[in-house]
Amino acid sequence: MRFIDIEGKTPVNTPRDPDFPDWEPWAQEAWVAWLAQSQAYYQQLETLHNNSDIEGRNKFIDDHAAHWGRLKPWLQVLSKGKCWFSEVKELFSHYDVEHFRPKKETKALDGTVRDGYWWLAFDYTNYRLCGNVGNRKKGGWFPLKEGSLVSEFNNRCEESEAIYLLDPTDPDDVNLIAFDEEGNAIAAPGISDWEKQRVEETIKRLKLNEHAALPEERRKIWQKVSQEIELYLKAKSRCSHGCNPAAKQKVRDHLINIRSMTQAGAELSSVARWCILFRNEPQLIRLAA
């Protein structure tokens, strides 16, 4: 999982990307119109909710799913085409525009159901790009820590909820999850018990280990990075005293390969990063930055 910075980002100010030739930034007028439509939909949801027509409210959300679907290409550009949770492209199946806080109903750890965050159904800041393997299992699961404040329509406090699921748009959350040499998602070293619980729940709810192809692909990345590191260290040792231009060129080549796998846009770049971090060698740490 890598941090997706959406603060201040819109389809208007997200530039063209050569990896996505079909992506064109929106005109400001188109974005204003999309936001206005979102507000109109929100007002209709509020009316249905105030009339206690929960079934009608939820049907209205389903009937207008195409509205948030229009943002899928933009969300893909923000993550270089990767699922925001699994960090792969095709391996986690095709993408859904997922509502981080569920839009119709919400399930707790024990399966207890409460009303969803319907007022966020058309709020683009609640959207995340997720492969449907994980999104299908997550569904309405959005557990909160016992004793947490609970955001409700008449008492909005989402920012104060103690949530279990890690959020890829939170730079602190993405650092809580690590990976091992077998390709498994694990809790990062040194985190608190509560943070470990959050990692474990996220792994379970999004099938980050259960989907067998995903750990296998992580394991391959780990092995590839490990091999590059060994070759880099070997070449480095041969040119540490100078006068070995061939070895120096190999150092450069292996550094380029390692850096290409740790760049945010690369598939499973967080796995490559943790492979380096777990080596705990000072001369390698800068490669994981």
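No experiment lies behind these values; they were computed from the predicted model shown.

Reading the values: rules and limits
Residues numbered from 1 in each chain as written. Predicted model: local features only at pLDDT ≥ 70, side-chain atom pairs only at ≥ 80, totals over all residues. Heavy atoms only, no water. Buried < 20%, exposed > 50% of the residue type's maximum accessible area, 1.4 Å probe, protein only. Helix = DSSP H or I, 4+ residues; strand = E, 2+ residues; numbered from the N terminus. Pairing = 2+ DSSP bridges. Axes fitted to C-alpha atoms, helices over the stretch in contact; angles between N-to-C directions. Parallel < 35°, antiparallel > 145°, perpendicular 65-115°, else oblique. Left-handed = near helix turned anticlockwise from the far one by under 90°. Contact = heavy atoms within 4.5 Å. Nonpolar A, V, L, I, M, F, W, Y, C, P; charged D, E, K, R; others polar. 1 Å grid on protein atoms, 1.4 Å probe; cavity = no way out; pocket = protein on both sides within 12 Å on 5 of 7 lines; lining within 4 Å. Points joined across faces, edges and corners; volume = space filled by probe spheres on them.

**Re the pairing of strand S4 (residues 127-131)**
Consecutive residues of a regular strand have side chains that alternate between opposite faces of the sheet. Among the 5 residues that make up S4, 5 are buried, leaving the element largely enclosed by the rest of the structure. Going residue by residue along S4, you find Tyr127, Leu129 and Gly131 tucked away on one face and Arg128 and Cys130 tucked away on the opposite face as well. The pairing of strand S1 (residues 95-99) with S4 spans 5 bridges and is classified as antiparallel. By the bridge assignment for S4, Glu98 is matched with Arg128.

**Topic: the packing of helix H7 (residues 213-238) against helix H8 (residues 245-262)**
With their axes 8 Å apart at the nearest point, H7 and H8 run at an angle of 155° to one another. Classed by the angle they form, the pair H7 and H8 counts as roughly antiparallel. Taken as a pair, H7 and H8 cross one another with a handedness that is left-handed. Side by side, H7 and H8 meet where Lys224, Val225, Glu228, Ile229, Leu231, Tyr232, Ala235, Lys236 and Arg238 of the first sit next to Ala247, Lys250, Val251, His254, Leu255, Asn257, Ile258 and Met261 of the second. Taken together, the residues of the contact of H7 with H8 break down into 10 nonpolar, 2 polar and 5 charged.

**Description of the layout of surface pockets**
Each pocket or cavity is described by its volume, and for the largest pocket that value is around 580 Å³. As for the largest pocket, its lining consists of 25 residues, of which Arg101, Thr125, Arg128, Asp167 and Thr169 are closest to the centre. Classifying every residue of the lining of the largest pocket gives 10 nonpolar, 4 polar and 11 charged. The volume enclosed by the second largest pocket comes to roughly 220 Å³. His99, Pro102, Lys103, Gly139 and Gly140 are, among the 14 residues lining the second largest pocket, the residues nearest its centre. Every element with two or more residues in the lining of the second largest pocket is listed here: S1 and helix H5 (132-138). Among the elements that make up the lining of the second largest pocket, the one with the highest residue count is S1 (4 residues). Counted by class, the lining of the second largest pocket contains 3 nonpolar, 4 polar and 7 charged residues.

**As for empty space enclosed by the protein**
On inspection of all chains with the given rule, the structure shows 1 cavity of 30 Å³ or more. Its boundaries defined by the atoms lining it, the largest cavity holds a volume of some 40 Å³. A class-by-class count of the residues in the lining of the largest cavity yields 5 nonpolar, 1 polar and 1 charged.

**What to know about the environment of Thr112**
Structurally, Thr112 can be placed in the loop between strand S2 (105-107) and strand S3 (113-115). Those residues in contact with Thr112 that lie beyond four places of it in its chain are Thr106 and Lys107.

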